[in-house]
Amino acid sequence: MSVLYVPYHLDEHQPDLNVPLPGGVPVAEFAVELPGADVWSRLGRLYDAVATTVERAVRAGERPVVVSGDCTVSIGMTAGLQRAGLDPSIVWIDAHGDLQTPETTTSGYLGGMALRFLLGYRPRDVAGRLALRPPPEDRVLLVDARDLDPPEAGYLASSGVARAGLDEVTSESLPPGPLLLNLDLDVLDPSCLPGLRYPAAGGPDVPALLRAVRVVLGSGRLAALNLACTWHPGRDDPGGVRERLVAAILADLRDSAG
């Protein structure tokens, strides 16, 4: 197993993200020269480069493992899987829905729109730049998402996106086909993982998260993983919480590959 390390938060390179990747795991750190144009051009360049790398890995018989600073990287990963001939379904584990739009957001934060863009919203902004084929809504499982804004709840009420609590993730609840797992570590309760950008109270603990991840891995259908380390850069890791968590997830991933 090898890891593609993408230390970006949206289009901002964050060399001090301080992800404690365990020793013994080959790591390729990703850096892209981005144009000084609008944010959509910059994101398009970044995600196209991610897509190219993911496609190359799949064609070489590898299962892409990306460690990044946010969830939007999954857009490029999905495009890369598609370019390699796969038709991935999506398992999106997150404290948030990531289903806002530029028209509904009050904060303007693009990371809060990641899943909505992956589903094809305003293709001229992101999907069209990558030739991305948006996954059908009924092949997307949104897990936890306890912190929803009203526009996101309204969208989900009329969409085909399936929902589950973390403790409700079973082999039967997973969508069909190869799976892209987007795992935002802010799904954890903030007491378990300090320094999160957007902490949401009332979340699960680490054992509950690992149980759900193992269900996905145990399906034998994981095509790619984005481990989104959505904490503030430059922060220390008191008590080595991050180190143990990242190591446990990557160890489970390695074991699932046999």
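Residues numbered from 1 in each chain as written. Predicted model: local features only at pLDDT ≥ 70, side-chain atom pairs only at ≥ 80, totals over all residues. Heavy atoms only, no water.

Caption draft 1: Focus on the side chain of Thr78. Relative to the elements of secondary structure, Thr78 occurs in helix α2 (residues 73–83). Every residue in contact with Thr78, bar those within four places of it in the chain, is listed here: Pro88, Ile90, Leu118, Leu132, Pro135 and Leu180. (Helix = DSSP H or I, 4+ residues; strand = E, 2+ residues; numbered from the N terminus. Contact = heavy atoms within 4.5 Å.)

Caption draft 2: Representation of the pattern of salt bridges within the structure. All told, the structure shown has 8 salt bridges when counted by the stated rule. In this structure, the salt-bridge partner of Glu103 is Arg122, at a minimum N-O distance of 2.7 Å. Of this pair, Glu103 sits in the loop between β6 (89–96) and α3 (114–118) while Arg122 is found in the loop between α3 and α4 (127–130), placing the two residues 19 residues apart along the sequence. Residue class for Glu103 comes out partly exposed when judged on its relative accessible area of 48%. Accessibility expressed as a relative area gives 19% for Arg122, which makes it buried. Arg214 is paired through a salt bridge with Asp252; the nearest N and O atoms lie 2.6 Å apart. Within this pair, whereas Arg214 is found in helix α6 (residues 206–218), its partner Asp252 is found in helix α7 (residues 241–256), the two being separated by 38 residues in sequence. The class of Arg214 is partly exposed, set by a relative accessible area of 43%. The network of salt bridges with shared partners includes Glu103, Arg122 and Asp125. (Salt bridge = Lys/Arg side-chain N within 4 Å of Asp/Glu carboxyl O. Buried < 20%, exposed > 50% of the residue type's maximum accessible area, 1.4 Å probe, protein only.)

Caption draft 3: The packing of α6 against α7, seen in detail. Relative orientation of the contacting elements α6 and α7 amounts to 20°, with a least axis distance of 10 Å. Comparing the axis directions of α6 and α7 gives the class roughly parallel. Considering how the two elements wind past one another, α6 and α7 form a crossing that is right-handed. Across the interface between the two elements, Val206, Leu210, Arg214 and Leu217 from α6 touch Leu245, Ala248, Ile249, Asp252, Leu253 and Ser256 from α7. (Axes fitted to C-alpha atoms, helices over the stretch in contact; angles between N-to-C directions. Parallel < 35°, antiparallel > 145°, perpendicular 65-115°, else oblique. Left-handed = near helix turned anticlockwise from the far one by under 90°.)

Caption draft 4: View of the sheet that holds strand β9 (residues 179–184). As summarised here, the arrangement of the 8 strands in space is β4-β1-β5-β10-β9-β6-β7-β8, forming an open sheet in which the pairing is parallel. With one partner strand each, in any of the chains shown, β4 (27–29) and β8 (162–164) form the two edges of the open sheet. For this sheet the average axis-to-axis angle between neighbouring strands, irrespective of direction, equals 20°. Two elements, strand β1 (residues 3–6) and β4, share 3 bridges in a ladder whose sense is parallel. Residue pairing in the sheet places Leu4 in a bridge with Ala28 of β4. Contacts from α2 reach β1, β5 (65–68), β6, β9 and β10 (222–228), with the element oriented near 165° to β10. This element, α7, spans β1, β5, β9 and β10 of the sheet and lies at about 175° to β10. (Pairing = 2+ DSSP bridges.)

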